[in-house]
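Structural features, examined
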Amino acid sequence: MTAPLGNREFRALWAAETQSVLGDQLTTVALAIMVFDRTGSALWAALVYALTFLPALAGGLGLAQLADRYPRRTILWVTAAMQAVLVGLMAIPDSPIALLCVLIVFARLAGAPSNAAQNALTREVFTEDEMYLRSQDLRGITTNTAMLVGLGGGGLLVSLVGPFYALAADALTFAVAAVLIRRYVRWRPAAGGNGDAWFGALRWVFGQRRLRVLLALSWLVGLAVIPEGLAAPLAHEMGAPSQAVGWLLAADPLGFVAGVFLLSRYASAEDRRRLMGILAVCSVAALIGFALQPALPFALVILALAGAAGAYIITVGATFITWVPNDLRGGAGGLYRTGLRVAQGVGVALGGVVAHLIGSASTAVAFAGVTGVVLAIPVALAWTRVRTADPSVSG
């Protein structure tokens, strides 16, 4: 699995992304604590937390296309430098809450083209399918681990050094990322042209049936994440202690890391494409186990199994980028990532509504599992049909 690290360019991209993700989680925790301490308002704290996600959704479709119009290395190091400055300004003590909101919005907006450029550039670094897929496995494992470490240790670190130093540390991670990319990643010309239609990638993707199926496979994650949004009421229904909320939140990503490791070690790229539909069904079918009103240990096992099966999403994303022509990968990647985030947000919101209406979080999760199976089976069958379809692989 670590073979991609033998490539100097990927090492720089991987290191820059990993430590930036750690810093981002630290910023999320620091802002939540700082805003709540200063305002005493749960509404303000929730609003600022929401602002860490919304700009990526709003800018994901449009700004991601910059990754096709300009050199991708340039996009990466310039946006990292911009984020270093913006987060650094947030670290100034006693900044007005309104200013913090503006700065976090612009900092997250800068991340939209960089995420698209990262995915497209990695495919340029690795032109061979197996090595590219291994690189995405490594990114998936380290990103999820960094998120767990950042969120888990962020509160402790903020309590020790204070939120302003935590924000300064995040600004430093972006500065380091800019230097790593600028120094160690080779410059390549823009894959597309300034005269290309602004949303040409989106129209092209939706004109390809097998890419539409891949998008549908990714959107199923919106149902799989519903237990995360219901972690607190699930723990309450189980009569578990308050710390069980953290265990419930950690079970899925830990299972995901294990699933990615097993697939990377024991399955070839083609085998993993064959398994995608089956694993997609299994990732939501596991949630039906919540119909049994499980105790905490069984619930953790269910979530870990769902997360392990959910590792199929790495192969979905890698296949999607591979099947898109290089000059459209930035815009197409923005579509893929934005759709994934919207599906997750909508899924969590709907899960909360259903749990409120029926009065049971466990039953709502089980209902999500049943709904997921009903939706996943036809998508899996469609994937079986289009996987070996005639159109040649682009890029």
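Our next topic: the side chain of S114. Residue position: S114 is located in helix 6 (residues 97-125). For S114, a relative accessible area of 10% translates into the label buried. Engagement of the side chain of S114 in a polar contact is seen with the backbone oxygen of G111, the distance being 2.8 Å. The contacts of S114, once residues within four sequence positions are left out, are I75, L76 and T79.

Judged by side-chain polarity, L156, L157, L160, V161 and Y165 come together as a nonpolar surface patch covering roughly 540 Å² of accessible area. With 4 residues, helix 7 (residues 129-161) is the largest single contributor of residues to the nonpolar patch. Positionally, V161 belongs in helix 7.

One non-glycine residue, D94, lies in positive phi territory at about 65°. Note on placement: D94 falls in the loop between helix 5 (72-90) and helix 6. Exposure remark for D94: the relative accessible area of 66% places this residue in the exposed category. In this model, Q293 sits at a positive phi of 50°, which is unusual for a non-glycine residue. When you line up the elements, Q293 lands in the loop between helix 15 (269-285) and helix 16 (296-309).

Turning our attention to helix 1 (residues 8-39). For helix 1, with 32 residues, the first-to-last C-alpha span of 46 Å sits near the 46 Å given by 1.5 Å per residue. Two or three places before E9, at the opening of helix 1, N7 has a side-chain oxygen 2.9 Å from that residue's backbone nitrogen.

Turning our eyes to something else, we now look at the pattern of salt bridges. For the structure on display, the rule yields 11 salt bridges. Here R72 and E124 are joined by a salt bridge, their closest N and O atoms 3.0 Å apart. Of this pair, R72 sits in helix 5 while E124 is found in helix 6, placing the two residues 52 residues apart along the sequence. Measuring nitrogen to oxygen at the nearest pair gives 2.7 Å for the salt bridge that ties R274 to D271. Here R274 and its partner D271 are both found in helix 15, 3 residues apart, which amounts to about one turn of the helix. Looking at R274, the relative accessible area reads 46%, which means it is partly exposed. Among the charged side chains, a network of salt bridges with common partners joins R123, D129, E270, R273 and R387.

Glancing now at the nonpolar core. By size, the foremost hydrophobic cluster in this structure holds 91 residues, and its most contacted members are L214, L217, Y312 and F320. No other element matches the 12 residues that helix 19 (residues 361-386) contributes to this core.

Look at helix 15 against helix 17 (residues 312-322): their axes get within 9 Å of each other, and the N-to-C directions meet at 130°. One way to sum up the angle between helix 15 and helix 17 is to call them oblique. When you trace helix 15 past helix 17, the crossing you get is left-handed. On helix 17, the residues that touch R272, R273, M276, L279, A280 and S283 of helix 15 are Y312, I314, T315, V316 and T319.

Procedures and definitions
- Sequence order sets the numbering: in each chain, residues are counted from 1 along the sequence as written.
- Side-chain atom pairs in this predicted model are given and counted only at pLDDT of 80 or more, local residue features only at pLDDT of at least 70, and totals for whole chains, interfaces and linings cover all residues.
- Only hydrogens and water are set aside when side-chain values are computed; all heavy atoms of the structure are taken into account.
- Note on conventions: DSSP H or I runs of at least 4 residues are helices, E runs of at least 2 residues are strands, and numbering of each starts at the N terminus.
- Exposed residues in this analysis have more than 50% of their type's maximum accessible area, buried residues have under 20%, and partly exposed residues fall in between, with area computed by a 1.4 Å probe over protein chains only.
- Any pair of nitrogen or oxygen atoms within 3.5 Å is treated as a polar contact; in protein, a donor-acceptor pairing is required on top of that, and neighbouring residues in sequence qualify only through side-chain atoms on both sides.
- Only heavy atoms enter the contact rule, under which two residues are in contact if any of them lie within 4.5 Å.
- Patches in this entry comprise residues that are over 30% relatively accessible and not in a salt bridge; like charges within 9 Å are linked, as are nonpolar side chains (Val, Leu, Ile, Met, Phe, Trp, Tyr) within 5 Å.
- Computed by Shrake-Rupley with a 1.4 Å probe, the accessible areas treat only the displayed protein chains as cover when residues are assessed.
- The salt bridge criterion pairs a side-chain nitrogen of Lys or Arg with a carboxyl oxygen of Asp or Glu, the two atoms within 4 Å.
- Under the convention used throughout, the expected extent of a helix is 1.5 Å for every residue step, that is, one less than its residue count.
- Here, the term nonpolar core denotes a set of buried Ala, Val, Leu, Ile, Met, Phe, Trp, Tyr and Cys residues that are joined through side-chain atoms within 4.5 Å.
- Convention adopted: a line fitted to C-alpha atoms gives each axis, helices being fitted over their contacting stretch, and angles between N-to-C directions are expressed from 0 to 180 degrees.
- Any angle between 65 and 115 degrees counts as roughly perpendicular, while under 35 counts as roughly parallel, over 145 as roughly antiparallel, and the rest as oblique.
- Here a crossing is taken to be left-handed if its near helix is turned anticlockwise relative to the far helix by less than a right angle, and right-handed if that turn runs clockwise.

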